[in-house]
Amino acid sequence: MRLVLASRAMTAARQAARSQRSHLIPSLEASSCAPLAASSFKTHNTNAQIRHPRFFSRSSLHEPTLFTSTSAVTDPADTLSDDALLRSDVRTMGTLLGEAISHHHGADVLQKVERLRAMAKESRASSSGSEERLAPMAEFVSGMTAKELVVVSRAFAHFLGVANAAEAHQRCRRLKLDLEREVNDEVSLPVDGAPAPIGALHASKPDSTAGVIARLVYGKDGKNVSKEAVYKSLISQTVEIVLTAHPTQVNRRTLLEKHFRVQRILNEADSLRENSTTYQRQQLDDALRREIASIWQTDEVSRVKPTPQSEAERGTLVLETILWDSLPSFLRKLDATMKWGLGEEYGLPLTASPFKFASWMGGDRDGNPNVTPDVTREVCLTNRIKAAQLLEADIRELMGLISGNPPSINCQSEAMQKIRSRVGEDSRAPYRSYLHPVATKLANTASWAQRELKRVQKKEKFDNHTASPEDVYLNEKELLEDLLTVHQSLCDTGNSVVANGKLVDVIRKISAFGLTLVPLDVRQESDRHAEALDCITKYLGLGSYSDWDEATRVSWIQTQLQSRRPLIRSGIWREAESESFFTPTAVDTLETFQMISEQYEGSLGAYVISQCTSASDILAVLLLQLDAGVKKPLRVVPLFETLGDLKGAAATMEQLYRIPAYIGSLEGRKQEIMVGYSDSAKDAGRLAASWAQFETQVKLSEVAKKFSVDVVYFHGKGGTVGRGGNPNTFKAILSHAPGTINGKFRVTEQGEMINQNFGYSDRAERTLDIYTAAVLAEQHTDRPLPTKEWKDMMDKLSQISCDAYRKIVRGDQRFVPYFRAATPELELGSLNIGSRPAKRKASGGVESLRAIPWNFAWTQTRLNLPTWLGVGEAIGEVLSSKDEKTLRTMYNEWDSFRTTIDLVEMILSKSDSSVARHYERVLVSDPQALELGGEIREIHDATERAVLDLTGHKTLSEHDALLQRLMAVRNPYVDCLNVLQAETLKRLRKSEGTAEEDVLKDALLTTITGVANGMGNTG
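Described in the following lines is the structure provided in the data block. (Residues numbered from 1 in each chain as written. Predicted model: local features only at pLDDT ≥ 70, side-chain atom pairs only at ≥ 80, totals over all residues. Heavy atoms only, no water.)

A few words on the overall build of the protein. Counting its regular elements, the protein contains 39 helices and eight strands. Within the span of the protein, comprising 1019 residues, buried residues form 62% of the whole. Taking the intrachain contacts of the protein between residues at least 6 apart in sequence as the baseline, contacts between residues at least 24 apart amount to 81%. (Helix = DSSP H or I, 4+ residues; strand = E, 2+ residues; numbered from the N terminus. Buried < 20%, exposed > 50% of the residue type's maximum accessible area, 1.4 Å probe, protein only. Contact = heavy atoms within 4.5 Å.)

Structure representation (structure tokens):
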């Protein structure tokens, strides 16, 4: 990498002094950590004094600065390292953060921050693995006041927050650098014979679409795929990303926006390094100083629980600010890449839609009483307003760009004639005149939706006659037709270069986002539908639906579907003479279906049934839609979650496919089925759940094929491995069961993963590229089903691991007291990061706890129990049996199994049983619970040994050098937050009703945010 760093107006003495400093900022080297302020602090001396820095009052002509001379780099290798700028950026921001702390709270507080950090680093260096290594830190923290706990926790939490922003920018920086290296022939391509890279997508990366095309078409393995086949796959495949309201983003939107601005400043600094003035550099340095100072003074604790409406606003922000422009930008690069690898005639069709987006925010009412029918109405209208406003702005921009007046003499273009017929033969700017009423109609659409939104908010009765198709856009086809007419006309009149500019981007936006930005899925649990039907049958004098067996329910619903007569009159549940028959929850359910019947095309997507266990659960939703008068019923999507539900899914669907009325309801004989990864793992453990998910999809595909049904799987994955997540998206998709994706992939994105994957334009485009590459590769990769021997082995492993997992989580009476004492599970409800309760039901133990807080709590204590519990017992038992060879062969030769084990290994490498032991020592007083804690940690250590034995590794994740470096740097900082959190929890649990309670709550919530930032995920 060529780094030409602009020199600074500073003396050589100051440069040398800078290089001598100890820095708290992690530099991606395990041996290098730098303090939150430039100081003379010696890393391993916990009694050292810190000189008060005076940088805060200096101009940016002095350090810290983003524009560092190469002579300031302490490690000569850094000048050649891709990470040199990251090291410098993070070091600079840490110094600025230290300034802010010292300026607002005094040098003595900063000294405590530094001392704790140094103690953490020393404990890692001298006694890694010791159960008591955190004791000196705990003793030091115990002497802090409650207010000091808050400030010190904030220091570490904010540092990890800005470090994450710098690392996110570094990923974008490296992506740009990788493309430059490809184009400049500085890297060798994995496939000989492919065309020279053009720098659109990454030809050298196996998980980029360019790399996949090169391998498929030009590979020398004798299995080349024809260009036509690759082209057909690319233009027909679809990835749908569903943004969910799952509460896993702990950072406030305000702070996320500030971190985004920090990344923007770093990006501007990159552009100025080779050619800039002193003034320009000074302005950026001062901008960064202001941003870091503002971050420190910003409250990181959400004081108010979000409403579903505000949750939806925050969730769709990434669509408006990033993906609205990043998606068409990526599609341009995909088009160029297809022409590069397949030929000029194989470009991306204008209306091809490789990506769709949907949302659960405002539609997911499973266990969330705050999501009412009016909430869904509000969110649907808000989304229409946003889409109309965004599209209007684009159309008005087009009006300025396409201002030409092509000759109409001898023009045989039907499209041009259509335009002239609307604007007149004498128009000097026909395209501008043609597009003007389009922009006006979009403005009218936004105004109409705003009026309707106010009506809903005022609780006025819905009126579906307020919108006239002549005045507003209700169907995207009309808008798309207008723009395609303009495009065709430009091409016909010799203006293809104009046609393929901004106009193409707008057309592709409409194909992806439509007129609603994102359609909402509606989700509700199956019991709610059964309760509504129970009220109806009782009102009709037919008895209790809830008391009927499954066969009776199915038979009755079949009859009702065939009759097509409404069961009850709309709104009868609100009438005085009949309201006693309907429970409040049944009324809410029936009014939800009434709301669905009122929505315009494109507002809603699927109806997802959680806790689905039977055919009647699915038929009930179809019947309730038809009874409510839904003209075009939403596709009904069963969600199979628990281990038992997954195992019974194939039989359930086969029963449905045998019902003519149900098959007739499937548009194009397409059935969508959702697979729940979170609750199945919580129910049975990660290994048993993974196998059940794999096997269930294979069986469901076989059943669908038998009845000529085209099945699409909806993968309900979370960000953590314990909830089905995998940081390597490409490998994750290719590890799915063969024959279950087939070019159609629907998946959830939630919480912190939305920001990580789509929060910055370059990163968003890279994420879209990886999804495209993986779905393409999956269609053309030979992945046979496992042999009977391997299936039998997986059954055995699954049973052993499930039994071991449930023995602890369900069968040991010591577990719940241990879990609630040794983790912040009970306190997580104070985190105002989601609109829904942590439990589906107010009562109940761990079984009623949602998967997110279940994983969240274990992530905070660094034990990560849900991911590995049961795995070690299964592997260990088989390795010590006659089946050892089979298991080792499976790991070496079966990609799906190896991916599962490697993910467990990765989580074990991020876990730390000594931290969990510290929580026990500080928080657990019950001797039996303490005893269980010791047993669990012994299981953890045995699991590590079993995984290492199977993988043949000497250390965990030894093949992942980047992960090891990152965790080595982050661990000391997260250790500090863990110690602070344990101390805070201890005091908080004894302070109810005291003056310190609110202060300690702030400290706790700050540590939770900090640990999540340090570990990279929450639940």
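Alright, that's what it looks like, and here's the rest.
In this model helix H11 (residues 317-342) runs 36 Å from its N-terminal to its C-terminal C-alpha over 26 residues, within 8% of the 38 Å that 1.5 Å per residue would give. The largest bend in H11 comes to about 55°, at Leu323. (Expected span 1.5 Å × (residues − 1). Bend = angle between axes of the 7 residues up to and from the residue.)

Quick look at the side chain of Glu525 now. Mapped onto the elements, Glu525 comes out in strand E3 (residues 520-525). The exposure class of Glu525 is buried, given its relative accessible area of 12%. In this structure the side chain of Glu525 is engaged in a polar contact, spanning 3.4 Å, whose partner is the side chain of Gln611. Not counting chain neighbours up to four residues away, the residues in contact with Glu525 comprise Asp366, Gly367, Ser610 and Gln611. (Polar contact = N/O pair within 3.5 Å; in protein donor to acceptor, adjacent residues only side chain to side chain.)

This part covers the packing of aromatic side chains. Tallied over the entire structure, the rule returns 29 aromatic pairs. Pairing Phe819 with Trp858 gives two aromatic rings, centres 5.1 Å apart and planes at 25°, and the pair type is stacked. One end of the pair, Phe819, is in helix H30 (residues 815-822); the other, Trp858, is in helix H31 (residues 851-860), and 39 residues separate them in sequence. There is no split in this pair, since Phe819 and Trp858 are both buried. Aromatic ring contacts, followed pair by pair, group Trp691, Phe694, Trp790, Trp894 and Phe897 into a single cluster. (Phe/Tyr/Trp six-rings, centres within 6.5 Å; stacked < 30°, edge-to-face > 60°.)

With six of seven residues buried, strand E7 (residues 710-716) lies mostly within the body of the structure. Bridge count between strand E6 (residues 670-676) and E7: seven bridges; the pairing is parallel. Note that in E7 the partner of Gln671 across the bridge is Val711. Summarising the sheet, E7 and strand E8 (residues 744-750) pair through two bridges and their orientation is parallel. Its bridge partner being in E8, His715 is matched across the sheet by Val747. (Pairing = 2+ DSSP bridges.)

Such coordinate-based values are descriptive only and should not be taken to indicate function.
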